Amino acid sequence: MCRPGTICWWPPVLRRPGNVVRCTRRSGQLRLPSSLLRQAPSLPVGVLAGSACVAAVTLLLFPLRHFVPPNSLGVVYLLGVVLISTVFGLGPGLATAVASALAYEYFHLPPFNQWTLTGSGEFVTTLVFLATALLAGFVGDLARSRAVEAEEQRRTADLAADLAHLLLRAEDLRTALPAAAQRLAQALDLRYAAIEPAVVAATGRYGALPMRDGATQIATLLIPTDLPEPTLLRLHQQVVPSLQALLGAACDREVVAAEQAALRRVATLVAGGAGPSEVFNAVTREMGRIMGTRHTDMTRFEVDGTLTMLSHWDDHDGLDHFVPHGSRRPIEDVPVARLVWETGKPARCTTDDSELFGHTREWAPGSAVGSPIMVESRLWGVMIAFSRAEGPQPEAIEERMMKFTELLGTAIANAQSRAELTASRARIIAAADESRRRIERDLHDGAQQRLVTLGLELRQVEAIAPPDLQARLSRMVEGLTGAVEDLQELSRGLHPAMLSQGGLCPALKMLARRSCLPVELNVGDIGSQPEHVETAVYYIVSEALTNAAKHAQASVVHVHLTVDVTVLRLWIRDDGIGGADPRCGSGLIGLKDRVAVIGGEMEVTSPVGSGTSLVITIPC
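Criteria and thresholds
- Residues numbered from 1 in each chain as written.
- Predicted model: local features only at pLDDT ≥ 70, side-chain atom pairs only at ≥ 80, totals over all residues.
- Heavy atoms only, no water.
- Helix = DSSP H or I, 4+ residues; strand = E, 2+ residues; numbered from the N terminus.
- Buried < 20%, exposed > 50% of the residue type's maximum accessible area, 1.4 Å probe, protein only.
- Contact = heavy atoms within 4.5 Å.
- Core = buried A, V, L, I, M, F, W, Y, C linked by side-chain atoms within 4.5 Å.
- Axes fitted to C-alpha atoms, helices over the stretch in contact; angles between N-to-C directions.
- Parallel < 35°, antiparallel > 145°, perpendicular 65-115°, else oblique.
- Left-handed = near helix turned anticlockwise from the far one by under 90°.
- Nonpolar A, V, L, I, M, F, W, Y, C, P; charged D, E, K, R; others polar.
- Pairing = 2+ DSSP bridges.

## Examining the side chain of Glu-534
Right, on to step 1. By the element assignment, Glu-534 lies in helix α15 (residues 531–552).
Right, on to step 2. For Glu-534, a relative accessible area of 11% translates into the label buried.
Right, on to step 3. Ignoring sequence-local partners within four residues, the contact set of Glu-534 consists of Leu-499, Gly-503, Leu-504, Gly-527, Ser-528 and Gln-529.

And the structure:
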């Protein structure tokens, strides 16, 4: 039996129902000559078969010698010699050749039924026949050898093709090993065979053949210990090399598939606009697992010649993380980072490079490979893969790391562009809000006060004016009063004093009272929020009410505002005609921009005939 955990194949006698893996070739499809050639020739059986063949030919020739010249009858014996040599080998063939010469001379050369080797003619005839028979035996044995060799090559090619089909098309290599072991055992007529994807030592119960990919052992082939020498020779010369190549190719395919899956996961994060910290951690984690390194670090080059630690991953829960995130250290303390900084290209070094490691040698790992992180053609940072292995890391690791650092460069460039865009939009909106405050202050302290003063002076003039002028002065005062009210309304629209003085709730209530549409306002206990959040919410509600009054043909507007620990949620819904689309240049674009500037999100739902609904979430 195989050891526990070993992936193996057992012959049909020992196999339990349900454990059989279907093979790609049926044994019943083998041709009869092929099955005969596969059997090892037996000398006793061959001699008996040769004797029977000689006896059968001798009896067959008795009726023929009345019609065929005696010298031509030996050809039939030669056919028997060729047959025995081809099927049973050279030994039985030579014995059949000698027996055929004796039977031919005794029974079918005149005088019949007696030895006549004393005559020169009979002796020469017998000698020529014997030499021809021996040559026919050699030819038959050579034909057998060539046929056996061709059959072995065909079977080896069929085995290699079946193993390639099983191993290279499997999604998981481990699941394909049982079928591969079964096919191998059937092809070589083994009692059992097992393929274990680990290093296993041979025991008295089974032999172990290591499967290597270069200098690395990737699997072990377990076989019976009592195999014949030809089978062992075939295993070592033909089967093991091809199986090693297939296992190596299958492992490489799995590595490539895992690497592509990791790159897809990182690319999905980048395309989804994930934050830099999330992308950094994902890249260091995926790279460390794919490269099989001890740990990986991501650092950024600073203008003062230092490195800033941004992300770290190791294969044993952070035990190697002796440099905290956000901390800085000189570039000279990390030799591989210094090489990347100086050359702008991938670099590697080991602890044997004493001139590079210097005083850091006592904590340094066995080897380190650094890959530059380029952002818009500028050296931004370095990704470092550390290993404690004695030998150097694989030659192609720099190229594989570059695939991840290219995604990193794209993510960093995108994050920087988004940050710059957000900052630019925030500056524009902040400047607009400040301009509104300044205009409102100037109107209140300047033009509005002058109009009020002018109205008071006209009232005084009206009191002492003749009766015919009082009516005209009264109309002028009323006009000035209306202008002052219009100016106050304009200043409130620019920046309401209620928002600054009373807070968000009173300002929203004032908006609801002044709206020309009925407003159902539901504001929870929101407390005091940052000024930019309160300003954004006020203008969002104000713009939404204005849009509903102008375009929605609504009869009522519902406003609901709540705040939890970290998020402010605002719902605005009307029962109008719907059909609002921010892509068509409506006022909703300005609302989305204002929400996006403060890190919020706005969802617009406006089916035709069913009103418009705005759902806004703002971090607070």
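## Focus: the side chain of Glu-398
Right, on to step 1. Among the structural elements, Glu-398 can be located in helix α11 (residues 397–464).
Right, on to step 2. The class for Glu-398 is buried, based on a relative accessible area of 16%.
Right, on to step 3. Residues in contact with Glu-398, not counting those within four places in the same chain, are Pro-346, Arg-348 and Val-369.

## Looking at the nonpolar core
Right, on to step 1. Val-537, Val-541, Leu-570 and Ile-572 are the most contacted members of the largest nonpolar core, which has 37 residues in total.
Right, on to step 2. Secondary-structure elements contributing two or more residues to this core are α14 (504–514), α15, β12 (557–563), β13 (567–574), α16 (588–597) and β15 (613–619).
Right, on to step 3. The contact partners of Val-541, leaving out residues within four places of it in the chain, are Leu-508, Leu-511, Val-559, Leu-570 and Ile-572.
Right, on to step 4. Judged by nonpolar contacts, the second largest core, of 30 residues, contains Ala-193, Leu-227, Val-240 and Ala-250.

## Observations regarding the packing of helix α3 (residues 74–88) against helix α4 (residues 90–108)
For any two helices packed against each other, one specifies the crossing angle of their axes together with the interaxial distance.
Right, on to step 1. Axis separation between α3 and α4 bottoms out at 8 Å; the angle between their running directions is 165°. By the angle between their directions, the pair α3 and α4 is classed as roughly antiparallel. Regarding α3 and α4, the two cross each other, and that crossing is right-handed. Residues Gly-74, Tyr-77, Val-81, Ile-84, Ser-85 and Phe-88 of α3 touch α4, and the partners they reach there are Leu-90, Pro-92, Gly-93, Thr-96, Ala-97, Ser-100, Ala-103, Tyr-104 and His-108.
Right, on to step 2. Each residue belonging to the contact of α3 with α4 can be placed in one class, and the counts come to nine nonpolar, six polar and no charged.

## Looking at the environment of Pro-346
Right, on to step 1. Take Pro-346: it is sitting in the loop between α9 (335–343) and β8 (347–350).
Right, on to step 2. Counting along the chain gives 51 residues from Pro-346 to Ile-397, while the straight-line C-alpha distance between them is 9.9 Å.
Right, on to step 3. For Pro-346, the contacting residues outside a window of four places in its chain are Gly-370, Pro-372, Glu-398 and Met-402.

## Brief notes about the sheet that holds strand β14 (residues 601–605)
Right, on to step 1. Spatial strand order, β11-β12-β13-β15-β14: five strands in an open sheet with mixed pairing. On the outer flanks of this sheet lie β11 (519–523) and β14, each paired with one strand and no other. Going from strand to strand, the sheet's axes swing by 10° on average, the running direction of each strand aside.
Right, on to step 2. Packed onto the sheet, α14 meets β11 and β12 and runs at close to 170° relative to β11.
Right, on to step 3. Here α16 sits on the sheet and contacts β14 and β15; the angle it forms with β14, its principal contact strand, is near 155°.

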